[in-house]
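Listed here are the chains, written in short residue letters.
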Amino acid sequence: MKLDGFGIFVKDMAVMVRFYRDVLGFEIKEPETTGNVYLEKDGTLFLLYGRKDFEKMTDRKFNYADGINGHYEIALSVENREAVDKTFKDVVSKGAVPVMEPRLMEWGQYTSYIADPEGNLIEIGSFV
């Protein structure tokens, strides 16, 4: 088996499409009213899947975390430390929730964290 991609189950597709498209710059061509968004970002399949649609397809209900949650992170890398600072400020000014200001970690990575509108953690960092 090989990792082909990943997806997140979203409550409000329109809000999440606008965030990933307009704030993070993902190329999303589907309308905000769609039930599923498939896209490729830097060679990785990324999926936004409407919770209700997924539950209907699988004929079962699921539990979902509320608020900022630590179930997983999406890691985005940028070219250097200055780009981490600039990107963090830019996405926060566009509506991302700041979780951790940029800082140098003991393992040598300069990194920061934000959350999307549904509380999923997104890392913005660089090892350069």
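What counts and what doesn't
Residues numbered from 1 in each chain as written. Predicted model: local features only at pLDDT ≥ 70, side-chain atom pairs only at ≥ 80, totals over all residues. Heavy atoms only, no water. Helix = DSSP H or I, 4+ residues; strand = E, 2+ residues; numbered from the N terminus. Rg over C-alpha atoms; globule rule 2.2 N^0.38 Å. Buried < 20%, exposed > 50% of the residue type's maximum accessible area, 1.4 Å probe, protein only. Contact = heavy atoms within 4.5 Å. Areas by Shrake-Rupley, 256 points an atom, 1.4 Å probe, with all protein chains shown as cover. Lys, Arg positive; Asp, Glu negative; His and termini not counted. Charge placed at Lys NZ, Arg CZ, Asp CG, Glu CD. Salt bridge = Lys/Arg side-chain N within 4 Å of Asp/Glu carboxyl O. Pairing = 2+ DSSP bridges. Axes fitted to C-alpha atoms, helices over the stretch in contact; angles between N-to-C directions. Core = buried A, V, L, I, M, F, W, Y, C linked by side-chain atoms within 4.5 Å.

S.K.: Can you help me understand the overall build of the protein in this one?
M.R.: A tally of regular secondary structure across the protein gives three helices and seven strands. In terms of overall dimensions, the protein is globule-like: its C-alpha atoms have a radius of gyration of 15 Å, near the 14 Å expected for 128 residues. Considering only C-alpha atoms, the protein reaches an extent of 45 × 35 × 30 Å along its principal axes. In the protein, buried positions account for 39% of the 128 residues. Contacts in the protein between residues at least 24 apart in sequence constitute 50% of all its contacts with a sequence separation of at least 6. For the protein, the computed accessible surface area is about 8000 Å², with 52% contributed by carbon and sulfur atoms. Of the side chains in the protein, 16 bear a positive and 22 a negative charge, and the two mean positions are spaced by 4 Å.

S.K.: Explain the pattern of salt bridges to me, please; I cannot follow it from the model alone.
M.R.: Here the idea is simple: oppositely charged side chains can pair when their charged atoms come close. If you walk through the whole model with that rule in mind, you get seven salt bridges. Of the charged contacts, one joins E118 and R51 as a salt bridge, the two residues approaching to 3.8 Å between their closest N and O atoms. Residue E118 is located in the loop between β6 (110-115) and β7 (121-126), and its partner R51 is located in helix α2 (residues 51-58); the two are separated by 67 residues in the primary sequence. Classification of E118 by relative accessible area gives buried; the value is 12%. Taken together, the salt bridges that share partners define one network made up of R18, R21, D22 and E32.

S.K.: Just checking my understanding: could you explain the sheet that holds strand β3 (residues 44-50) for this structure?
M.R.: Note on sheets: strands pair through backbone hydrogen bonds, and any given pair is parallel or antiparallel. In spatial order, the strands read β1-β3-β2; together these three strands make up an open sheet with mixed pairing. Lying at the two open borders of the sheet, with one neighbouring strand each, are β1 (5-10) and β2 (36-41). Averaged over all pairs of adjacent strands, the angle between their axes in this sheet comes to 20 degrees, without regard to strand direction. Where β2 meets β3, six bridges bridge the pair, whose relative direction is antiparallel. Bridging across to β3, Y38 finds its partner in L47. Packed on one face of the sheet, α2 meets β1 and β3 and runs near 85 degrees to β3.

S.K.: Could you clarify how one ought to interpret the environment of K11 in this entry?
M.R.: Relative to the helices and strands, K11 resides in the loop between β1 and α1 (13-23). Residues K11 and N80, spaced 69 residues apart in sequence, show a C-alpha to C-alpha distance of 34 Å. Not counting chain neighbours up to four residues away, the residues in contact with K11 comprise R51, D66 and E118.

S.K.: Could you clarify how one ought to interpret the environment of G119 in this entry?
M.R.: Looking at the element boundaries, G119 is found in the loop between β6 and β7. Not counting residues up to four positions away in its chain, the partners in contact with G119 are G67, I68 and N69.

S.K.: Honestly, the nonpolar core in this entry has me stumped. Any pointers?
M.R.: Core analysis: the biggest nonpolar cluster contains 26 residues, and F19, Y20, L24, F46, L48 and I114 have the highest contact counts within it. Among the elements that make up this core, the one with the highest residue count is α1 (six residues). I114 has contacts with F19, L24, F88, V91, V92, A96, V97, V99, N120, L121, I122 and I124, leaving out every residue within four places of it along the chain.

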